[in-house]
Every structure is written in structure tokens, then in C-alpha cells.
Number of protein chains: 2
Amino acid sequence: MKVEIITIGDEILIGQIVDTNSAYMAQLLNAEGFSVVRTTSIGDNADEIKNTLAEAENRADIVLITGGLGPTKDDITKQTLCDYFGTKLVFSEAVFAHLEKYLDKANIVGMNDLNKSQAYVPESAYIINNERGTAPITWFERNGKVIVSMPGVPSEMEWAMSQVLPKLKQTFSAEEIIHQNFLVYGYPESTLAIKLAEWENALPSYIKLAYLPSVGLVKLRLSAKQTEGVVLKKAVNEEARKLRNILGKAIIAEKDTSLETIISNLLKEKKLTVTTAESCTGGNIARLLTSVAGSSAYFKGGVVAYDNAVKENILGVSADDIEEYGAVSLPVAEQMAKGALALLETDIAVATSGIAGPGGGTDEKPVGTVCIAVATQEGVISRQFLFGNQRDRNITRSSVAALVMLKEVIG
Amino acid sequence: MKVEIITIGDEILIGQIVDTNSAYMAQLLNAEGFSVVRTTSIGDNADEIKNTLAEAENRADIVLITGGLGPTKDDITKQTLCDYFGTKLVFSEAVFAHLEKYLDKANIVGMNDLNKSQAYVPESAYIINNERGTAPITWFERNGKVIVSMPGVPSEMEWAMSQVLPKLKQTFSAEEIIHQNFLVYGYPESTLAIKLAEWENALPSYIKLAYLPSVGLVKLRLSAKQTEGVVLKKAVNEEARKLRNILGKAIIAEKDTSLETIISNLLKEKKLTVTTAESCTGGNIARLLTSVAGSSAYFKGGVVAYDNAVKENILGVSADDIEEYGAVSLPVAEQMAKGALALLETDIAVATSGIAGPGGGTDEKPVGTVCIAVATQEGVISRQFLFGNQRDRNITRSSVAALVMLKEVIG
């Protein structure tokens, strides 16, 4: 079933807000086998709405509209939908009663005209009351196609989708679709693509591969569509097996998750504590570790050691070694990790020392040179990396590399 | 000048990523007097691309395309553009030479076939080399309209726009437009809108106000369009003066910049050093301070004190006070700041202690309660805040509040 999403609002077209509704709806729809073929954002303009709607209805089986329903904008979208479907606004006692209950529960004082206007709904539409706001959800059907208009406020849209999606599944029997995600570390997208080319080209027609690169990581997603005489799960498992053979340890997770969440779960599961000693990453690793709810269970704290004096006085790094090897060196990174391990009294410590840039590079140690160490009571491992020349990317890549080493050590 | 934006990528249509490019581009375009009338997202599909492009070219003067250019997707979009414009891919020595330089600088080992394929460009297009990635920017012109294809990776798109926007201004001599930005702290968007309503409604027709909210801050932008018999600069200055009278100290900057950049410049100018003692912000303040190039001039390091033992043993916070007032309290935040100031030997220290959530809240101190302190040799100031119930937003709002207090103290 083909779906098109239309998000309405001038605030989107001037870049005042990012349209997150489309992605949210697309994820839900995709997971249920509805395929979104296009999303369009337009302003609060009657003609634009009619034209876009006509194009979408012509191409797709289902058109989902969000936005343009706030009390102040109500007139445009709702009236436009009436014109488009050749119907008129009628006062609904049921919707009005619901509005009164809603406003009362939300402790909103009194029913004003703007709110009351929300009780006027298109006569030919099926109405779903909105339990998260004042704008009702209107569901139109014609020629076997469904057009639904819902509020644009994310929390209201999310609730609306919880009502609309089941009704869509009743109305249309969506085809089965299976996804499997792989989080891959250690390959730039282009290198990975070459490594996987042979396998990718041999994929059966009903299994598609998507590359979703982020800084330092690539997410691979296999999507398989229901096909005559194929057991999807079996087919996907078979391809997953081949992929594991090709990538081995480069696959650090087989679900749609983040590196910090994986580490959080591992640390909790093994009841281990961790600390950080960061130079070039400037606190970003600690930030990532503590971005996960419940991180206080395993993260006790850390040190950002930007200045050499901090490396020496707080982490106990040898001034002579900094002199001899330089602050960006494996011995110094290792001593930073060991120092933090002792100071914070944790099971594991991760340390970074590098040149994020743009300044500070030398011929011997150019911008992008980063040393990372992970220490435990058993000992310490360390590696030197050479990343790129962009400060923000170097900080992110260093953080990802450090978390991957941390994951290796946790096991 | 009417602009349409087309973002290409299956990952958008399945909701794997949110299309942030459109909003970024729309903001820039809007600021220069180009009006975005529609944004469309489609998949990596040749026919979809051709149809969408044809519709957009027919409606708008300028069509900006992002995405579908990664080395793994190269064939589709680039070849489709060639078909659409009736041209062919030709090998460009210049682009290839640039690619070699780029890959070398980025320390990406070796030129592989996929990267080499990026040197094949549409013969009839004007090419802009990509200094943030491997996919070149292609600029087509016909019938007085401009169609530009650029990479979809945000960092690459942002750089591409820095090249494309000036060229668009040359080509279309967009009408003169003057902007003045204000960075405002301390008001949620809706509250700010009410506070400014009277002034905003009285603005002359040729001056528009845009609200660009981010977590914890609102950027206000006055945009004045060339108008018969009006001295724009004078008119904008007059409205800016009125706005200053209304908002006073809530205006923390009058240019389009970031809080951390403002602080970075202040610290360098006054030759002051700073340190951080972070509990609920988990290293995010240190990350922000070190995200600015050259931050080693003023940032010596900091402590992430998540666990109370770290607050006591490393920052010297009194265990009795933690017992008596709780870890999330003004006395503890103040002692954290003073402790860091002494430990790191800096001029200023900023400390945070709060309940980011979702867990850890009590009736007395609900999730979102955050105490922030800033200490100098002269003394310490501290404030208690009550933010919301979302962990990530609480961390960001706490960091912004801490940086604003830091800015006050630097003066």
C-alpha cells in the first residue's frame, strides 16, 4: 500500500521547526508494511493544500496530513478539506462534549470561541476525538482511498497515529515486511560498499540493503518484502549469516540501537563501573555514557584533562613521559587511564589524548592523531588512530573509537 | 524568488533519519529573501526523482536537491540528472585531482573505484568541488531556472550551501534584505511571543520577526525588505532599540552565534581560565566549551562528579552537607564549584547538580530540579532551576543555564 505524508505549516517552510512528524509516521507505517513513497511540506495556503492533496491522492492509496489545525489556523485547513471533498462544516455535539471534558481535565479555564470552533467538523468525515488536544482527527474515504487529517503537534500526532494505524490495518491488508539492522564499525561507507558488493549484488530481488552512515559508524539494514513462496525470516537469516561471515567482529550490534546503549546494557549486565579521562574528546565520552537513563549504575564520574598540568597533578601522568613522548602518545594515554582507574576506583577506565585541530598538528603528529587507552585491574590496552582534519568530526570519531575499545574490553 | 527543496533517500521515507537538511536550507534561504514554497522527500528511485524534479522545476525558480549521492547510490541520482537534462557523465580531471587531495587530507587510505566514480560528472553542469566529502556539487541552469544537486550528509550539505547561496544571490539578485539577530535566554517561545505581541503587531509591514527556538534559547531574527522611501538600517535600528527596552538583559547576544562562542571570545579577551564540575550535565558543559577551536587557551579541564564519593573525595564536598541538604542542593553545587576552582587552579569554575530523570525524582525535588553554581576567587553565586521531565532536554537546558551564568560572571 502506497502512503504519502503531507505536513502543513509556514513554520516548516521558513525552517523555524524541523518536520519530525514525517519520520515518526514513516517508521510506524513501514514497520507495518505500508510503504511511504513521498513526504511533502507546504505552507498554510488553501490552493497549495488542494493541489498537493490532489497530486498525492492520485499517486497513493493513503494520504496522511498533519498540521494546519491549531485553533488560529483552523479555518484554512479544515475549510479547505471541506471544499476539496465537497462537504461542509457541521457542529458536532459529540465532539463538543468531548472538548468540554478534555479542557476540564487539562485544567484549561473556560471554553472560548477558538476552542468551540474545533467542534465544527466536515460532515462527510469519520471523526476520531483527540485526547491530547482540541483538534479532532478527520478520516475521509473515497474511491477506495483514505485521507486522514491530524494535528501537527508531535504529542497529538503520535496519539492520533495510535488510533489511525490500527484502522488503516483493518482497511488495507498491508504486506509483511521484515527488517534486520547491523551496526558496523571500522569501515568508511565506500570501503564497506566494496567489501559487500559481491554479496549485495547476489541478494534476492525481494531483499534490499540500505547503508545509513553516521560519523564513525555505518548502520546496515536488510529489508525483505513478502514474496510468493518465500519464507521471509529464513531468507533474511541466511543473508545475515553470510554478512556475519564477511564482516565478523566489525558488526558490533544486530539491532537498531546506539553504541552507548549497547555499552550501558553490557556494564549493567556485568555489574561493572567505568570512568573517563578525556583530553581531545573534552567530556564528550562522559556525556555519551551519561546520556543513557540509569547511567549512575555504572558511571561514577570522570576527569577532563585538557591541560598537561591536569594530566600530571590529578591523573598522575609522569611529566617526564609527557616531555619525552608528548601529551599525544600511547604511554600518556595509558597513564591517564590507569590514573583515572585508581582515582575513581572503578573497574574500567577509558582515556583519550589527541589533536582535534585545527591547530596543534606537526609533521610527526598531524591534526587527527589520537591515542586511546582502556585500563582495567588486569592491565591496559592502547591504540593510536589517525582521523581527519575537521575538529568536530575528530572529536566524534575519537569518542566512537573509544567506546568501541571499551566494548571490546567489557567483552 | 520561489525555491523548492527535494531531499532524496530511502532512509528518509522509512523514517530511519529525520530530514533536517530542509529546515537548515530553508532558514538560510529565507534569511536572504528567497522563499521556500515546498519541500519534498522521495526515495532513491529514478522515475520518482524525474517526476518530482519536473513538477518542482515547473513551479519554482530554483530547485535544490540533497542526497542520493553517496558512493553507494551514485549511479541513480547522478545518472538520473543526466537523463533529465539530456547530458552524459564525463570524467573530470579537475574533480579527480580534488578527490585525491581530499582523500589524502582526510587520511582515507587509497582511491578506490567507488570514490573514483565521483569524478564522473554531468557534462552540461557547472561543478563545485566538495571540500567536506567525495560527492561534487552539480549546478544546472536552463530557461532562467537553477537546479542544484548536493550531498545529503548534513556537514557536506552545510558546506555546499555556503558555496551555493552566494552564487544564487549573484544569479537572481535577490532583493536587499537586512537581518538583525538576537539571542534570547529565559523565556519559553510561547511566553516570549506574548511578551512581544504588542511590539510585534506594531512592526512596519516591511519588517518581519522570526522565532527560531532551540532548547533553552530563542533566536529572534528581524528581517527588513527593501522598500520605497525607507532607510532600512535606520528602521531596523529603531525596532532593535524598542526590543532592547522590552527584553533588557534577556538578550545575551545581538548576532547569529552560539553561547559557547560568545563565552570563548570573552574568556580569551579577558585572559581568564575556566573549569567545570558536572553532575547532571555529565560532561556536556566541558564538551561545549571545548567544541570551540582554541579552547585550550582558557579551558584547563574539569571533573564529572556523578557519584557522591567523587564529589567528596575529588572535589572536597562535605559528606555531612550532602547528607543534610542532598546532592542536588545549592550548598553542594557551591562546594563543587569551589572545589574545582581550587583543584584545577582556574579563575572561574562552574558546577551543576540535578535530577535529569527519568528516575530519581521526589515530591520535594522532582525530576528537572537542577542547582548551578559559579565560583571565582571573589566568591560564589548559585541558583536552583526546575526544568522539565525529559532527560536529554534537562541536560541541554542545564548546560545552557550554566553557560549563561558563566557569562554573567565573566561580565
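The present account deals with the structure reproduced in this document. (Residues numbered from 1 in each chain as written. Chains lettered and ligands numbered in written order. Predicted model: local features only at pLDDT ≥ 70, side-chain atom pairs only at ≥ 80, totals over all residues. Heavy atoms only, no water.)

Some words on the packing of helix 10 (residues 259–269) of chain A against helix 15 (residues 391–410) of chain A
Residues and elements named next belong to chain A. Between helix 10 and helix 15, the shortest axis-to-axis distance is 10 Å and the interhelical angle comes to 25°. In this view, helix 10 runs roughly parallel relative to helix 15, as classed from their interaxial angle. Our pair here, helix 10 against helix 15, has a crossing hand that is left-handed. Taking contact as the criterion, the partners of Leu259, Glu260, Ile262, Ile263, Leu266 and Leu267 in helix 10 are, on helix 15, Val400, Leu403, Val404, Leu406, Lys407 and Ile410. For the contact of helix 10 with helix 15, the per-class residue count stands at 10 nonpolar, no polar and 2 charged. (Axes fitted to C-alpha atoms, helices over the stretch in contact; angles between N-to-C directions. Helix = DSSP H or I, 4+ residues; strand = E, 2+ residues; numbered from the N terminus. Parallel < 35°, antiparallel > 145°, perpendicular 65-115°, else oblique. Left-handed = near helix turned anticlockwise from the far one by under 90°. Contact = heavy atoms within 4.5 Å. Nonpolar A, V, L, I, M, F, W, Y, C, P; charged D, E, K, R; others polar.)

Examining the sheet that holds strand 2 (residues 35–42) of chain A
Pairing is mixed in the open sheet, where 12 strands are placed in the order 6(A)-7(A)-8(A)-3(A)-1(A)-2(A)-2(B)-1(B)-3(B)-8(B)-7(B)-6(B). Where the open sheet ends on each side, the last strands, each with one partner, are strand 6 (126–128) of chain A together with strand 6 (126–128) of chain B. Direction aside, neighbouring strands of the sheet carry axes that sit 15° apart on average. The pairing of strand 7 (residues 137–142) of chain B with strand 8 (residues 145–150) of chain B spans 5 bridges and is classified as antiparallel. Within the sheet, the bridge partner assigned to Thr138 of chain B lies in strand 8 of chain B and is Ser149 of chain B. This element, helix 7 (residues 154–171) of chain A, spans strand 3 (62–67), strand 6, strand 7 (137–142) and strand 8 (145–150) of chain A of the sheet and lies at about 25° to strand 7 of chain A. (Pairing = 2+ DSSP bridges.)

Topic: the pattern of salt bridges
Overall, the coordinates contain 24 salt bridges over all chains when judged by the stated rule. Salt-bridge contacts for Lys219 of chain A lead to Asp256 of chain A; the nearest nitrogen and oxygen are separated by 2.5 Å. Of this pair, Lys219 of chain A sits in strand 11 (residues 217–225) while Asp256 of chain A sits in the loop between strand 12 (251–253) and helix 10, and the two are 37 residues apart along the sequence. For Lys219 of chain A, a relative accessible area of 16% gives the class buried. The class of Asp256 of chain A is partly exposed, set by a relative accessible area of 44%. When the shortest N-O distance is used, the salt bridge between Glu254 of chain B and Arg244 of chain B registers 2.6 Å. Of this pair, Glu254 of chain B sits in the loop between strand 12 (251–253) and helix 10 (259–270) while Arg244 of chain B sits in helix 9 (residues 232–247), and the two are 10 residues apart along the sequence. You can call Glu254 of chain B partly exposed: its relative accessible area is 33%. By relative accessible area, which is 35% here, Arg244 of chain B ends up partly exposed. (Salt bridge = Lys/Arg side-chain N within 4 Å of Asp/Glu carboxyl O. Buried < 20%, exposed > 50% of the residue type's maximum accessible area, 1.4 Å probe, protein only.)

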